[in-house]
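# Geometric and topological summary
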Amino acid sequence: MTRRLTIAACQMGPIARDESRQSCVARMCAMMREAKGKGADLCVFPELALTSFFPRWHIEDEAELDAFYEAEMPNAAVMPLFALAAELGVGFNLGYAELVREADGTKRRFNTAILVDKTGKIAGKYRKVHLPGHAEHEPWRPFQHLEKAYFEPGDLGFPVFETLGGTLGMCICNDRRWPETYRVMGLQGVELVVLGYNTPSHNPPVPEHDHLMWFHNHLSMQAGAYQNGNWVVGVAKAGVEEGCELIGQSAIIAPTGEIVAMAQGVGDEVVTADCDLDRCEEIRRQIFDFALHRQPQHYGLISAPKA
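Presented here is a report on the structure given in the accompanying data block. (Residues numbered from 1 in each chain as written. Predicted model: local features only at pLDDT ≥ 70, side-chain atom pairs only at ≥ 80, totals over all residues. Heavy atoms only, no water.)

### A look at the overall build of the protein chain
In terms of helices and strands, the protein chain carries eight helices and 14 strands. In summary, the protein chain has a C-alpha radius of gyration of 19 Å against a globular reference of 19 Å for 307 residues, a match within 12%. Across the 307 residues that make up the protein chain, the buried fraction comes to 55%. A separation threshold of at least 6 residues defines the contact pool for the protein chain, and within that pool the share at least 24 residues apart is 70%. Counting every atom, the protein chain has about 13,000 Å² of accessible surface; 55% of that belongs to carbon and sulfur. For the protein chain, the centre of its 29 positive side-chain charges and the centre of its 40 negative side-chain charges are spaced 3 Å apart. (Helix = DSSP H or I, 4+ residues; strand = E, 2+ residues; numbered from the N terminus. Rg over C-alpha atoms; globule rule 2.2 N^0.38 Å. Buried < 20%, exposed > 50% of the residue type's maximum accessible area, 1.4 Å probe, protein only. Contact = heavy atoms within 4.5 Å. Areas by Shrake-Rupley, 256 points an atom, 1.4 Å probe, with all protein chains shown as cover. Lys, Arg positive; Asp, Glu negative; His and termini not counted. Charge placed at Lys NZ, Arg CZ, Asp CG, Glu CD.)

### Description of the pairing of strand S4 (residues 107-116)
Burial of S4 is extensive: eight of the ten residues sit out of reach of the surface. The pairing of strand S3 (residues 91-101) with S4 spans ten bridges and is antiparallel. Each residue of the ladder has a partner; that of Val-100, found in S4, is Arg-108. Joining the antiparallel neighbours S3 and S4 is a turn of five residues, in which Gly-105 adopts a positive phi near 95°. By the bridge criterion, five bridges tie S4 to strand S5 (residues 122-127) in an arrangement that is antiparallel. Looking at the pairing, Leu-115 lines up with Gly-124 of S5. Between S4 and S5, which pair antiparallel in sequence order, lie five residues; one of them, Gly-120, sits at a positive phi of approximately 85°. (Pairing = 2+ DSSP bridges.)

### A look at the sheet that holds S4
To summarise the sheet geometry, strands pair through backbone hydrogen bonds and adopt either a parallel or an antiparallel arrangement. One open sheet accounts for six strands, arranged S5-S4-S3-S2-S1-S14; its pairing is mixed. Every other strand in the sheet has two partners, leaving S5 and strand S14 (269-276) as the edge strands with one partner each. Going from strand to strand, the sheet's axes swing by 30° on average, the running direction of each strand aside. Against the sheet, helix H1 (residues 21-37) touches strand S1 (4-11), strand S2 (42-44), S3 and S14, its axis set at about 45° to S14. Helix H3 (residues 79-88) rests against S3, S4 and S5 of the sheet, and its axis sits at about 150° to S3. (Axes fitted to C-alpha atoms, helices over the stretch in contact; angles between N-to-C directions.)

### Some details on empty space enclosed by the protein
Evaluation of the coordinates by the stated rule reveals one cavity of 30 Å³ or more. In this model, the largest cavity occupies a volume close to 30 Å³. As for the largest cavity, its lining consists of Phe-45, Pro-46, Glu-47, Asn-93, Gly-95, Ala-113, Cys-171, Ile-172, Leu-195 and Gly-196. Of all elements in the fold, only S3, strand S7 (166-172) and strand S8 (192-197) reach the threshold of two or more residues within the lining of the largest cavity. Residue classes in the lining of the largest cavity are distributed as six nonpolar, three polar and one charged. (1 Å grid on protein atoms, 1.4 Å probe; cavity = no way out; pocket = protein on both sides within 12 Å on 5 of 7 lines; lining within 4 Å. Points joined across faces, edges and corners; volume = space filled by probe spheres on them. Nonpolar A, V, L, I, M, F, W, Y, C, P; charged D, E, K, R; others polar.)

As structure tokens, this is what we get:
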């Protein structure tokens, strides 16, 4: 008996700086209803799906910065999405900025994603490990990429979760470029990796790579799928957001590395595919049998401390 999930990649178009969370949630609810109409079991939304991609701005005012974060999840603004998930019987993956206040008043900030099951309950949490960009204001850039200033690296590792009838894991945006992301979850038997991204089409420090942004986006996810024998669903926030062009190409990728479904535009769009989780075994038995072929005694440098 096969284990199938119909997965919906719910790509979002631009979110304006002054767009409310209620507006973003209404957009996501509309996509969730559309996905349910297509038989979806799981909706995957982008990174930072409740706000514009605020690391593009240098923000000095603490209160202004805090306004982009969620101090609790769920909260009143997102409860309609949780309620709809329970009503429709559809799980979802959501990315957002998380603000944690420690007992001593210290603030901790993470780029976070959650996995919610079909009853509307949070089944897992992940905090982005590989933060790109820079920590200091760099006025020469046409837009900033201040993730290293606005977030700290995730402290939860790369956990996997038994939910929706399979073994699921999460990562976020830049994590998808790092092979270790997929391998750590692959070693835990992950069958489906879901992720959201906000990826500019222009990279100011290396503009000669701009024409490769779309290629590298799929390359990294297809490699992660094939080399670990798991499905990968990558979902964009796309289009021209506050003057910054973000790439689309939201895709559902099979364990063979093949793209089985992809968004056609750069706006709100729902793309679905019927994903057989048992197909993971095609790769894990025939190509990348970790127990049979891995030689970890030769991989020490991968986990050695940074120089």
